[in-house]
Structures are given as structure tokens and as C-alpha cells.
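Secondary and tertiary structure notes
The lines below spell out each chain.
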Amino acid sequence: MSRVVLITGVAGGIGAATAQVFQQNGWAVVGLDRKPADDSTVAKLDGYFETDLADPAAIQGAIAQLQKDFGQLHSLVNNAALQICQPILETSINDWDRVMAVNVRAVFCLAQATHALLQASSGSIVNVSSVHAVATSANIAAYATSKGALSAFTRALAIEFAPTIRVNAILPGAVDTEMLRSGLRRGHLSGEQMEDLLSDLGQKTIMGRVGTPEEIAKAVLFLADGEQSGFMTGQELIMDGGAIARLSTE
């Protein structure tokens, strides 16, 4: 039987690309997202559960159904994320709590809920964090804080789940997704048209461009697959086109 991966936020840019890469490499892909099951982006998956990741009970229900349907799990990819672009003084408690619930608490709930399955398979967890966990900008504080917490939680999970379950994180930089595009008008870029904003953002990286979801997806597969990264745990893999390698004062 194929190895089974569970991907959250599977209908988004990085999530959909990751599902495709895993399927191309012979994995069975189960997805969690809020889109209805008949949506074209999730209909081709091997399994799918419409789930609000801010609801711990919904997470428990989805994992129980996964165990019933598949009986095994080899990797958990925590990709789902909520980004709210607001100044700190304009961020409501509800917005802050919602970001933390989806970006951090859901990962905690999923780690607990899938532990037995992953332990049985000597599996892996890959947390999709962000370069905002390392260096951030204005008007994105809740998201950046959640990603910093996710990076710390990755290390904590790696320590407590070792040696059976490996836990690593990937920290994407600017990747061309709907989430990126929705946040490009925070005032940190030059241009009026979306393509101009993307170009200006890309020029701020050493590579001179933004990344693609497929590039991140291939790295997620590397971290998930014990045959490729079996001696790696508790680590963060930054993929940002070299953006944070260069001094901002240069």
C-alpha cells in the first residue's frame, strides 16, 4: 500500500502543489481544508475532509475518519495558515485569536491526534512556517508571531517525539500564492499593478524573483520522506531566494 500523507490547507497554493508532488511520487494524499468536497481543487485527492482547523473537535473527527478509511499515516504536513494584514493597534482580539487558532493551536491538536499513527509508521511531521518567523515587516504582526511560535513548537515536538517521529519546518519566503498577493498592498512595495508589486518584491531577493509553490512542495517532500532526510529533525529549512541573507542596510 502507498504511504499516506495528510496535508492541511490542501486547497491553497502551496498545499495544492504539495499534494500534486506527493501523488506524483506514489503517496496517497489526504487533505484538510474548508472548501467543500466537490471543489475541483480537492476532488482528485485520495481522501478529503472538509474541516475548520480552528475547531479542535472537527480535527479529532477528521483524524478518526482518516484512521478508519486508511488505517495508517506516514507524514503530517501542517500547511494551513491564516494571514491578517493589519497594524497592531487595529488588530482585534478576535482576529488575533483566530490566527493563533489556525496557525498554532491546530498544529498542536493535530500532533496529538496523529501521534499514534505516526509512531506506528516511524513517520514525520513537516510544519510550513515562514521567514516571518525570522525577520518580519509592518502590519503583519499576528501572522509573524504565529510563525515564530510554530518554529519553536517544531523544536519542542522534535525533542518529545524522538526518535520515532521526525519533525522539521520549512520557512518559505515570497512565494506566488493567493495569500502572498492579498498581502502585497501593505505599503512596503512600489507599484500599482499586481505584476509590478510582484516584480518589486522579487527584486528584493538575491535570486531576483519570487518562488513557486512547486519549489516549496518538492522541499516538503524531502523533509517528509525518511529515505531522503532520515537523519534530520528539529530543523528549519529556509527557502526565500536568499532574501534574509542580505543586510537590510546594504
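The coordinates are above.
Residues numbered from 1 in each chain as written. Predicted model: local features only at pLDDT ≥ 70, side-chain atom pairs only at ≥ 80, totals over all residues. Heavy atoms only, no water.

1. Section: the overall build of the protein chain
Counted only if it meets this: By the criteria applied, helices consist of DSSP H or I runs no shorter than four residues and strands consist of E runs no shorter than two, each listed in order from the N terminus. Atoms counted for the radius of gyration: C-alpha only. Globule rule: 2.2 Å times residue count to the power 0.38. Exposure categories follow from relative accessible area, calculated using a 1.4 Å probe and restricted to protein chains: below 20% of the type maximum is buried, above 50% is exposed, and the middle band is partly exposed. Whether two residues are in contact is decided by their heavy atoms, any of which lying within 4.5 Å being enough. In these tables, accessible area is a Shrake-Rupley quantity obtained with a 1.4 Å probe, and a residue counts as shielded only by the protein chains included in the view. Neither His nor the chain termini are counted; the positive set is Lys and Arg, and the negative set is Asp and Glu. All charge positions are set by atom: Lys at NZ, Arg at CZ, Asp at CG, Glu at CD.
Across its full length, the protein chain holds 8 helices and 7 strands. In terms of overall size, the protein chain behaves like a compact globule, its C-alpha atoms giving a radius of gyration of 18 Å where 250 residues would be expected to give roughly 18 Å. On the principal axes, the C-alpha backbone points of the protein chain span a range of 50 × 35 × 35 Å. Within the span of the protein chain, comprising 250 residues, buried residues form 48% of the whole. For the protein chain, the share of sequence-separated contacts (at least 6 apart) that also reach a separation of at least 24 residues comes to 66%. Of the roughly 11,900 Å² of accessible surface on the protein chain, a fraction of 52% belongs to carbon and sulfur atoms. Charged side chains of the protein chain number 17 positive and 25 negative; the gap between the two group centres comes to 2 Å.

2. Observations regarding the nonpolar core
Threshold: As used here, the term nonpolar core means buried Ala, Val, Leu, Ile, Met, Phe, Trp, Tyr and Cys residues forming a set that is joined through side-chain atoms within 4.5 Å.
Judged by nonpolar contacts, the single largest core of 28 residues is most densely connected at Leu6, Leu66 and Leu110. The set of elements that each furnish at least two residues to this core consists of strand S1 (4–8), strand S2 (28–33), helix H2 (56–70), helix H3 (93–121) and helix H4 (141–161). The biggest single contributor to this core is H3, with 7 residues. Leu6 has contacts with Val30, Gly31, Leu32, Ile63, Leu66, Leu73, Ser75, Leu76, Val77, Leu110 and Thr114, leaving out every residue within four places of it along the chain. With 26 residues, the next largest nonpolar core counts Ile14, Val42, Leu45 and Val77 among its residues.

3. Focus on the layout of surface pockets
Operational definition: Buried and open spaces are told apart on a 1 Å grid over the protein atoms alone, a cavity being a set of points where a 1.4 Å probe fits but cannot get out and a pocket being an open set with protein on both sides within 12 Å along at least five of seven lines. Residues with an atom within 4 Å of a point are the lining residues. Grid points are joined across faces, edges and corners, and a volume is the space filled by probe spheres set on the points. The nonpolar class holds Ala, Val, Leu, Ile, Met, Phe, Trp, Tyr, Cys and Pro. Asp, Glu, Lys and Arg form the charged class, and all remaining residues, Gly among them, are polar.
Of the pockets and cavities examined, the second largest pocket occupies roughly 150 Å³. Arg209, Gly211, Glu215, Asp240 and Gly241 are, among the 13 residues lining the second largest pocket, the residues nearest its centre. Along the lines of polarity and charge, the residues of the lining of the second largest pocket split into 5 nonpolar, 5 polar and 3 charged.

4. Comments concerning the pairing of strand S4 (residues 75–78)
To keep things clear, this is the line we draw: Convention used here: a crossover is right-handed provided that the path from the first strand, over the helix, to the second strand proceeds clockwise when the strands point away from the viewer.
Going residue by residue along S4, you find Ser75 and Val77 tucked away on one face and Leu76 and Asn78 tucked away on the opposite face as well. Taking the sense of rotation as the criterion, the β-α-β connection linking S4, H3 and strand S5 (residues 124–128) turns out right-handed.

5. Notes on empty space enclosed by the protein
Where empty space is left becomes clear once a probe the size of a water molecule has been rolled over the atoms. Taken as a whole, this structure holds 1 cavity of 30 Å³ or more when the rule is applied. By volume, the largest cavity is sized at about 40 Å³. Looking at the largest cavity, the residues that line it are Thr8, Leu53, Asn78, Asn79, Ala80, Val102, Ala106, Val107 and Leu110. Here the lining of the largest cavity is built from residues that sort into 6 nonpolar, 3 polar and no charged.

6. What to know about the pattern of salt bridges
Our working rule: Any Lys or Arg side-chain nitrogen found within 4 Å of a carboxyl oxygen on Asp or Glu counts as a salt bridge.
All told, the structure shown has 4 salt bridges when counted by the stated rule. Across the salt bridge formed by Asp225 and Arg3, the nearest N and O atoms sit 2.9 Å from each other. Linking Asp225 in the loop between helix H7 (213–224) and helix H8 (226–229) with Arg3 in the segment before S1, this pair joins segments that are 222 residues apart in sequence. Notably, a salt bridge pairs Asp52 with Arg98, separated by 3.4 Å at the nearest N-O pair. With Asp52 in the loop between strand S3 (47–50) and H2 and Arg98 in helix H3, the pair connects residues that are 46 residues apart, well separated along the chain. The exposure class of Arg98 is partly exposed, given its relative accessible area of 27%.

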